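Given next are the chains, with one letter for each unit.
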Amino acid sequence: MKAVLFDMDGILIDTEKYLTVYKQKAMREAGYRLDLETAYKFRSCASVFAREQMKGIFGEDFPYDELRRRRQELMSDHIARFGIEKKPYVEETIKKLKRRGYQTAVVTATAEDRAVRYLEMVGFKELFDEIISASMVKLGKPRPDVYLYACEKIGRKPEECMAVEDSPNGVNAAYQAGCHVTMVPDLTPADEEVKKMADHVVPDLRGLLEYLK
């Protein structure tokens, strides 16, 4: 193992819960009800796939792009008011990995400009060799494109990389790319399908360090 690739929302910063809350709020404002179980299915899911799936649930007239923009507005307002919470053990984990000689990168479904801004806000940006966004590839998670691109950028083969993910869509993307996968569940536990794809499941990032020993 030569590199560790980290998802951002739900792994490095505690934003996944707010992405879900404000997605639900945006939809309520427009007269739609999105239950939590369904909302969780769209974590780290690229717009091209989420749009099609949500239209399948709510009908062809479902204003996906409009509601996505509204969710982004609500999320931006929240961050402006309250800032961004860090997930536990991030800094100590990354620093130990760097001391052990691992390359580190962020591989996120969030747009590049927002990802960089969020990481700068919490002081994490300089911890990573690369910040890779799904906006840099044609298809985002759960397709493997963003992980394959990340491996190319850092000059490593997928089998030399450990991906750290919190959602089934992210785990699926990394697994399809040929990376090893550690899941650190955030909003939902690992189900049987996820466990088939992940090398192991740990409660927090300290478990990653123990595994890589």
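Above: the structure in question.
Residues numbered from 1 in each chain as written. Predicted model: local features only at pLDDT ≥ 70, side-chain atom pairs only at ≥ 80, totals over all residues. Heavy atoms only, no water.

Novice: Is there a simple way to think about the nonpolar core in this case?
Specialist: As a rule of thumb, nonpolar side chains are buried together in soluble globular proteins. Counting residues in hydrophobic clusters, the biggest one holds 35 residues, and the most contacted among them are F6, L12, F124 and V164. Secondary-structure elements contributing two or more residues to this core are strand 1 (3–6), helix 1 (16–29), helix 4 (64–82), helix 5 (90–99), helix 6 (112–121), strand 4 (161–165) and helix 10 (206–212). With four residues, helix 1 is the largest single contributor of residues to this core. Within the second largest apolar cluster, 25 residues are counted, among which are V146, Y147, C151 and I154. (Core = buried A, V, L, I, M, F, W, Y, C linked by side-chain atoms within 4.5 Å. Buried < 20%, exposed > 50% of the residue type's maximum accessible area, 1.4 Å probe, protein only. Helix = DSSP H or I, 4+ residues; strand = E, 2+ residues; numbered from the N terminus.)

Novice: Help me understand helix 6 in this model?
Specialist: Side chains three or four residues apart in an α-helix point the same way, a direct result of the helix having 3.6 residues per turn. Along helix 6, the residues classified as buried are R114, A115, Y118 and L119. Relative to the axis of helix 6, the buried residues are bounded by an arc of 130° and lie together on one face. Buried residues in helix 6 make contact with helix 4, strand 2 (103–108) and strand 3 (130–133). Following helix 6 by one or two positions, G123 adopts a phi angle in the positive range, close to 75°. (Arc of directions from axis to C-beta. Contact = heavy atoms within 4.5 Å.)

Novice: How should the sheet that holds strand 1 be read in this particular structure?
Specialist: Strand pairing within a sheet occurs via backbone hydrogen bonds; the two strands may be parallel or antiparallel. Read from one edge to the other, the open sheet built from six strands follows the order 3-2-1-4-5-6, with strand pairing classed as parallel. Only two strands of the sheet have a single partner each, and these edge strands are strand 3 and strand 6 (200–201). Bridge count for strand 1 against strand 2 is four bridges, and the pairing is parallel. Bridge assignment links L5 to a residue of strand 2, and that residue is A105. This element, helix 6, spans strand 2 and strand 3 of the sheet and lies at about 140° to strand 3. Packing of helix 8 (residues 168–177) onto the sheet brings it into contact with strand 4 and strand 5 (180–183), and relative to strand 5 it is tilted by some 165°. (Pairing = 2+ DSSP bridges. Axes fitted to C-alpha atoms, helices over the stretch in contact; angles between N-to-C directions.)

Novice: I'm lost on the packing of helix 1 against helix 4 in this one. Help?
Specialist: At a minimum axis separation of 8 Å, helix 1 and helix 4 run at an interaxial angle of 130°. By the angle between their directions, the pair helix 1 and helix 4 is classed as oblique. Note that helix 1 runs across helix 4; the crossing there is right-handed. Contacts between helix 1 and helix 4 pair Y18, L19, Y22, K23, K25, A26, M27 and E29 from the former with L67, R70, R71, L74, M75 and H78 from the latter. (Parallel < 35°, antiparallel > 145°, perpendicular 65-115°, else oblique. Left-handed = near helix turned anticlockwise from the far one by under 90°.)

Novice: Looking at this structure, I do not really get the side chain of T182. What am I missing?
Specialist: Locating T182 in the fold gives a position in strand 5. A residue is classified by how much of its surface remains accessible, and T182, at 0% relative accessible area, is buried. One polar contact links T182 to H200, side chain to side chain, over a distance of 3.2 Å. Here T182 is in contact with M162, A163, V164, E165, H200, V202 and L208, once residues within four sequence places are set aside. (Polar contact = N/O pair within 3.5 Å; in protein donor to acceptor, adjacent residues only side chain to side chain.)

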